[in-house]
Amino acid sequence: MKRDASSLCGILLAFGFMALGIGCAAIDAGHEGVLVEQPLFFGHGGVDPVPTKTGRLWVSPTTRVIDVDVRPIQYSEHFDIISAENAPVSFDAFLIANVIEGKSPELISKYGPNWYANNAKEAFRTFVREEVQKYPLFQLTTDPTTRQKLQDAIAKEVQTKLIEKQGIPVRLNRVVVGSILPPKGVVEQTTQTIIQEQRKITMVEFQKAEESREKAEKQRGIADRAYRESLGLTAPEFVDLRRIEVQKEIVSHAPSALTVIMGLERVGITMPPLAAGQ
């Protein structure tokens, strides 16, 4: 009976709050609720310096609840800028930060819920541009240590010249600079240039190989002519001699007895069967 009476009182109380315009707000885990009082007639409004933690709370019609996520949030920016040697580069940079727990009322009071867009975005972009423009294109795109140097330098600028100087109650987790590449059009143009250069190199090497082969053929012809003249043979006789030498080489590697019939330039000769190795 007492339990039924308690439930009934709870229901009546909830309806009473609703009748008075009192609302209910829910604060999720990892969030804080900042109460902003906006009285209609008397008193002074303002931000409650004590945030509301996870759970539900009842608020009056003149009180607004601002939900603040105190977990790390990633803010991304895209860049198409010029390197130190006036070469275009394209990349993304990321700032990861979170509102300090218990400091959400101070953040809302000083900078509002859109603190990054209103107070940090342009400063962050400026820090990134200034650091990237200190390096030439080749170092930005090929040296793996350059990105780490950029990240460290930009993080230091954000921490000292933005967060600490302006007193923004946020914690900087890290700064990340993505892969730095020339714009797509520049990459395609560079690729075509490399292909053309490689084609030129291939043609030059092919021409050199042909010239070497031609030179070797000429040298062999000169050597054959000197050899023929040293033997006192005519051109047809030398051709016959070369044929016999080739057939002799074939016979020497034959697996069994072999009969060779050759037509010569001068006379036709039928050679008797020769055993392999003879």
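The notes below deal with the structure included here. (Residues numbered from 1 in each chain as written. Predicted model: local features only at pLDDT ≥ 70, side-chain atom pairs only at ≥ 80, totals over all residues. Heavy atoms only, no water.)

1. Focus: the overall build of the protein chain
Going by this rule: Comment: elements are numbered from the N terminus, with helices defined as DSSP H or I runs of at least four residues and strands as E runs of at least two. Throughout this description, buried means an accessible area under 20% of the type-specific maximum (1.4 Å probe, protein chains only), exposed means over 50%, and partly exposed covers the range between. Throughout, a contact is declared for two residues whenever any of their heavy atoms are within 4.5 Å. Residue exposure ignores everything except the shown protein chains as possible cover, and the areas themselves are Shrake-Rupley values with a 1.4 Å probe.
Check the secondary structure of the protein chain and you find seven helices and 10 strands. The proportion of buried residues among the 278 residues of the protein chain is 28%. Sequence-distant contacts, at least 24 apart, represent 67% of the contacts inside the protein chain between residues at least 6 apart. Of the roughly 18,500 Å² of accessible surface on the protein chain, a fraction of 57% belongs to carbon and sulfur atoms.

2. Notes on the pairing of strand β6 (residues 73-82)
What counts, and what does not: For two strands to pair, DSSP has to find at least two bridges joining them.
Across 10 bridges, β6 lies against strand β7 (residues 88-99) in antiparallel orientation. Counterpart to Asp80 in the pairing with β7 is Ser90.

3. As for the packing of aromatic side chains
Put simply, the rule reads: Ring geometry is summarised as follows: Phe, Tyr and Trp rings, the Trp one being its six-membered ring, pair when their centres sit within 6.5 Å, and such pairs are stacked at plane angles under 30 degrees, edge-to-face over 60 and tilted between the two.
Here the structure, examined in full by the defined rule, presents four aromatic pairs. Ring centres of Tyr75 and Tyr116 lie 4.3 Å apart, and the angle between their planes is 15°; this geometry places the pair in the stacked category. Remark: Tyr116 occurs in helix α3 (residues 115-132) and Tyr75 occurs in strand β6; sequence separation between them is 41 residues. For the pair Tyr75 and Tyr116, one class covers both residues: buried. Taken together, a centroid distance of 5.1 Å and an interplanar angle of 10° make the contact between Phe79 and Phe91 stacked. In this pair, Phe79 is assigned in strand β6 and Phe91 in strand β7, connecting sequence segments 12 residues apart. Judged by its relative accessible area of 2%, Phe91 falls in the buried class.

4. Quick notes on the sheet that holds strand β5 (residues 63-69)
The following threshold applies: The convention used is that axes are lines fitted to C-alpha atoms, helices contributing only their stretch in contact, and that angles between N-to-C directions extend from 0 to 180 degrees.
Read across the open sheet, the three strands follow the order β3-β2-β5; overall the sheet is antiparallel. Two strands bound the open sheet, and with one partner strand each, they are β3 (46-47) and β5. Here helix α2 (residues 104-111) sits on the sheet in contact with β2 (31-37), β3 and β5, set at roughly 50° to β2.

5. Considering the nonpolar core
What counts is decided by this rule: Nine residue types can take part in a nonpolar core, namely buried Ala, Val, Leu, Ile, Met, Phe, Trp, Tyr and Cys, and a core is a set of them joined through side-chain atoms within 4.5 Å.
Phe91, Trp115, Phe124 and Val158 are the most contacted members of the largest nonpolar core, which totals 40 residues. Counting residues per element, this core draws most heavily on α3, which supplies seven residues. One finds Ile27, Leu35, Leu57 and Val59 within the second-largest nonpolar core, a separate group that totals five residues.

6. Looking at the environment of Ser179
By the secondary structure assignment, Ser179 is in the loop between β8 (170-177) and α6 (184-231). On a C-alpha basis, the gap between Ser179 and Ala93 in space is 9.1 Å, while along the polypeptide they are 86 residues apart. Among all residues touching Ser179, those that are not within four sequence positions of it are Ser90, Phe91 and Arg147.

7. Observations concerning the packing of α3 against helix α5 (residues 144-166)
The condition that has to hold: Here is the rule for handedness: rotate from the far helix to the near one, and if that takes an anticlockwise turn smaller than a right angle the crossing is left-handed, while a clockwise turn gives right-handed. Classes in brief: Ala, Val, Leu, Ile, Met, Phe, Trp, Tyr, Cys and Pro nonpolar; Asp, Glu, Lys and Arg charged; the others, Gly included, polar.
Between α3 and α5, the least distance of the axes is 10 Å, while the angle of their chain directions is 145°. The chirality of how α3 crosses α5 is right-handed. The residues of α5 that touch α3, namely those facing Asn119, Ala120, Ala123, Phe124, Phe127, Val128, Glu131 and Val132, are Leu150, Ala153, Ile154, Glu157, Val158, Lys161, Leu162 and Gln166. Residues that form the contact of α3 with α5 fall into these classes: 11 nonpolar, two polar and three charged.

8. Looking at empty space enclosed by the protein
Counted only if it meets this: Grid spacing is 1 Å over the protein atoms alone, the probe is 1.4 Å, and a cavity is where that probe fits but cannot get out, while a pocket is an open set with protein on both sides within 12 Å along at least five of seven lines and lining residues have an atom within 4 Å of a point. Grid points are joined across faces, edges and corners, and a volume is the space filled by probe spheres set on the points.
Inspection of every chain in the model, using the stated rule, returns one cavity of 30 Å³ or more. Its boundaries defined by the atoms lining it, the largest cavity holds a volume of some 40 Å³. Leu95, Ala97, Trp115, Ala120, Leu162, Ile163, Val170 and Leu172 are the residues that line the largest cavity. Within the lining of the largest cavity, the residues separate by chemical class into eight nonpolar, no polar and no charged.

9. What about the sheet that holds β6?
Neighbouring strands of a sheet are bound in pairs by backbone hydrogen bonds; such pairs are parallel or else antiparallel. Spatially, β6-β7-β8 is the arrangement adopted by the three strands of the open sheet, whose pairing is antiparallel. Every interior strand has two partners, whereas the edge strands, β6 and β8, have only one. Geometrically, the sheet is characterised by an average inter-axis angle of 20° between neighbouring strands, direction not taken into account. In the packing of α3 onto the sheet, contacts are made with β6, β7 and β8, and the angle to β6 comes to roughly 40°.

10. Digging into the pattern of salt bridges
Here is the rule we go by: Every case where a carboxyl oxygen of Asp or Glu lies within 4 Å of a side-chain nitrogen of Lys or Arg is listed as a salt bridge.
By the definition in use, this model includes 11 salt bridges. Note that Glu77 is salt-bridged to Arg125, the shortest N-O span being 3.0 Å. One end of the pair, Glu77, is in strand β6; the other, Arg125, is in helix α3, and 48 residues separate them in sequence. A relative accessible area of 7% means that Glu77 is categorised as buried. Notably, a salt bridge pairs Lys218 with Glu214, separated by 3.5 Å at the nearest N-O pair. One end of the pair is Lys218 and the other is Glu214, both in helix α6 and four residues apart, which spans about a single turn. It is possible to trace a salt-bridge network through shared partners that takes in Lys103, Glu106 and Lys110.

Such coordinate-based values are descriptive only and should not be taken to indicate function.
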